[in-house]
Each structure stands twice: as structure tokens, then as C-alpha cells.
Amino acid sequence: MLEGIFSNSIKEKILFFILQNGPSYPNEISKILYLTLFNVQKHLKQSEETGVLVSHLKGKVRLYEFNKRYPFNRELNALLQKAFSFLPDKEKEMYYVRRRPRKPGKEL
Amino acid sequence: MKKIKDMNIAELAGYISDYLESKNYSFILSGGSCVSIYTDNKYQSYDLDFIARNTIDHKKIEADLAEIGFSKDGKYYKHPDTDYFIEFPAPPPAVGNEPIRTVNHYKIGEATIRMLTPEDCIKDRLCAFFYWDDKPALQQAIMVAIDCNIKPEAVKEWAQKEGETEKFDIFKKEYKLKKNA
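Summary of the structure given here. For every chain, the first residue of the written sequence is number 1, and numbering continues from 1 onward in sequence order. Starting at A for chains and at 1 for ligands, labels are handed out in the order in which the entities are written. Predicted model: local features are reported for residues with pLDDT of at least 70 only, side-chain atom pairs are reported and counted for 80 or more only, and whole-chain, interface and lining totals are derived from all residues. As a rule here, side-chain values cover all heavy atoms of the structure and leave hydrogens and water aside.

### Some thoughts on the overall build of chain B
Next up, step 1: Regarding its fold elements, chain B presents seven helices and nine strands.
Next up, step 2: For chain B, whose C-alpha radius of gyration is 17 Å, the value lies close to the compact-globule estimate of 16 Å for 181 residues.
Next up, step 3: The dimensions of chain B, computed from C-alpha atoms along their principal axes, are 50 × 35 × 25 Å.
Next up, step 4: The criterion used for residue contact is that any of the two residues' heavy atoms lie within 4.5 Å. When contacts within chain B are restricted to residue pairs at least 6 apart in sequence, those whose partners lie at least 24 apart make up 66%.
Next up, step 5: Computed by Shrake-Rupley with a 1.4 Å probe, the accessible areas treat only the displayed protein chains as cover when residues are assessed. In the form shown here, chain B has an accessible surface area of approximately 9100 Å², with 48% of it arising from carbon and sulfur atoms.
Next up, step 6: In this count, Lys and Arg are taken as positive residues and Asp and Glu as negative ones, while His and the chain termini are left out. One atom stands in for each charge, and that atom is NZ of Lys, CZ of Arg, CG of Asp or CD of Glu. Between the centroid of the 26 positive side chains of chain B and the centroid of its 30 negative side chains there is a distance of 3 Å. Segments assigned H or I by DSSP are reported as helices when at least four residues long, segments assigned E as strands when at least two residues long, and all are numbered from the N terminus. This radius of gyration counts C-alpha atoms alone. The globule rule is 2.2 Å times how many residues there are, raised to the power 0.38.

### Some thoughts on the pairing of strand β9 (residues 111–115) of chain B
Next up, step 1: Across the five residues that make up β9(B), a large majority, five, are buried.
Next up, step 2: Side chains Ala111(B), Ile113(B) and Met115(B) of β9(B) all project onto a buried face; the interleaved residues Thr112(B) and Arg114(B) project onto the opposite face, where all are buried too. Relative accessibility thresholds used throughout: buried, under 20% of the residue-type maximum; exposed, over 50%; partly exposed, between the two (1.4 Å probe, protein chains only).

### Remarks on the interface of chain A and chain B
Size of an interface, as often reported, equals the accessible area lost when the parts are brought together.
Next up, step 1: With ten residues of chain A in contact, the opposing surface of chain B contributes twelve residues.
Next up, step 2: Two parts placed together each lose some accessible area under a 1.4 Å probe, and adding up what both lose gives the buried area. The contact between chain A and chain B buries some 1000 Å² in all, and 53% of this surface belongs to carbon and sulfur atoms.
Next up, step 3: Considering only the surface of chain A that becomes buried against chain B, Arg69(A), Pro71(A) and Arg74(A) emerge as the three largest contributors, covering 60% of it.
Next up, step 4: In the sections that follow, a salt bridge refers to a side-chain nitrogen of Lys or Arg positioned within 4 Å of a carboxyl oxygen of Asp or Glu. The interface formed by chain A and chain B contains one salt bridge.
Next up, step 5: Partitioning the side of chain A that touches chain B into residue classes produces three nonpolar, three polar and four charged. Polar here means any residue outside two lists: the nonpolar Ala, Val, Leu, Ile, Met, Phe, Trp, Tyr, Cys and Pro, and the charged Asp, Glu, Lys and Arg; Gly therefore counts as polar.

### A short note on helix α7 (residues 165–180) of chain B
An α-helical turn contains 3.6 residues, so a residue and the one three or four places further along point in the same direction.
All names here are of chain B.
Next up, step 1: A helix is expected to span 1.5 Å for every residue after the first. Its 16 residues give α7 an end-to-end C-alpha distance of 22 Å, which sits within 8% of 22 Å, the value for a rise of 1.5 Å per residue.
Next up, step 2: Taken together, the buried positions of α7 are Lys167, Phe168, Phe171 and Tyr175. Summarising the axial view, the buried residues of α7 lie within an arc of 105°, below the 170-degree limit, and thus occupy one face. Set apart from the buried face of α7 by more than 90 degrees, the exposed residues are Glu166, Lys173, Leu177 and Asn180.
Next up, step 3: If you follow the buried residues of α7, they end up packed against α4 (118–132), α5 (135–147) and α6 (156–161). In this context, the arc is that of the directions from the helix axis out to the C-beta atoms.

This is how it looks when you write it as C-alpha cells:
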């Protein structure tokens, strides 16, 4: 969808994922989007260096999210949101991850 | 000129700022070091954040900084004689959605620091409070406002444009408490 701007589809997928799920960690993105962890980490690092994303440590996990201080954050989010809306429903569902609480030991 | 090991943060910022200018770069000092400078080190920062105002070649910067003894260590540039370090955050220089329009040419001895104005420094700190609920950044904004004699109203319109009127009110209230303490 936005490969023309992001130069490849991996970054687009990663940004779509964070757009839909909020703060996310590399291993989660890698597993759900069937991308190699190396590729995910590489693109997250690049996006952080260019100010698009920021990261925070939560326990031992590094979570990435959109950088609200990035001056084009609102516009980028609007663009991504619009691009995401053009995806087929089946593809959109791939990005949705459970974020509500789950009690320890509860059956799936 | 003092040796790097004897420079305080403002002197080092001036030295680096002049050096970068002499190499035809256009940078503006931002972040916590501006708070240090405007509050005479009531808040101590070790991080000199220089944000590029035009496109830069990182390889060339690395070579140029090596000439004055700074070497790359991860995303920072460090010098063996000082605890202060340089970072180049991603451009453009901005405070929230607003581009930086005015550069303060702050004289420190023979050197000049190209840095955020006190008003933009307050906005810069408030961004961290607005967007990440960072309380230390709120306190730093208040320190700069008091030490530089800037009333909260000066950044009210900007805060409204950022959609942060509630957090601006917190800033104003805490500013008054500190000012009258």
C-alpha cells in the first residue's frame, strides 16, 4: 500500500501493527506478521533513529510506539490509517491482537 | 580557550556549536542541556542534543568530530576528557507540531551557542509532560519559566494548539505554587 513511501512492505506492516495495537514488542510483531526477528528489529531501529517511533523498557521487554513528539506524527498516523482502511478485511484481521487482560492459568 | 576537561556544559555547548558552524553545519541545541544552561545548572544534564536544521551526512560529521577528539559510541559521541556527550536526535527541530522558527544566539565567553529560546525550551519540556506524562520534564519547564521570567501565558496558545489545555492548567498551577514559595 505505502511501499512507494516506505521503500518496502515490511516497514509498512510493522507500522500498521503498531498503529492497530499500540505499544508492541519485536518478538510479538515478528510472530504475528511472520517476519524474521532480525528484519523487525532492523526496521524498528531505523524508525526510532528517524524519530518516527520511540521505545521504552517495560520489565525486560522493549516496547515500541509512535513518537507523539514527531512533528509529522498526526499526519503519518492519518496516512497509515487511511492506507489500512484500504486493506481487505481478511488482511486487516491479521493485525488485530488481544490486548484485554487475561487471568494467569485461564484456558484460551 | 579552556581545555575540554575544564569546560562546563554551557562552555562545551558553545565550543561544539561554533565548531559545527565553522564546518558549515546548521544545528540547534535542544533538550535537557538548554534547561541546564537557562537554570544555571539547577537541573544537570550531560546530554548535548544538537538537531540538524538541514540535511546532514553522518559519515562527514563523524569525521569532523573526530578532529576534536569525539568518537562515536552507539548513538552518542563521547570525548575521553569529559562526561558530557553529544547526540544528534532526528530532525526537524520542532516543539510538538510547531517548527522552531527562532534560534537564540546565546553568548558564552567568546563562543556562541545556537539554542532553543527560553520559551521554546519550556515548550520542549512540556511536550514530554503532555505526551508521556513525564513529571521531571514538567518541573524543568517550571524552572526555566521562573529563571527566565517567562509567564505561562506565553505558551498558552501553543498548548491549546497541541490540544493540551488540561495539562497546561497543571503547568500554570504548579508554576504559581513554585513562584510564590
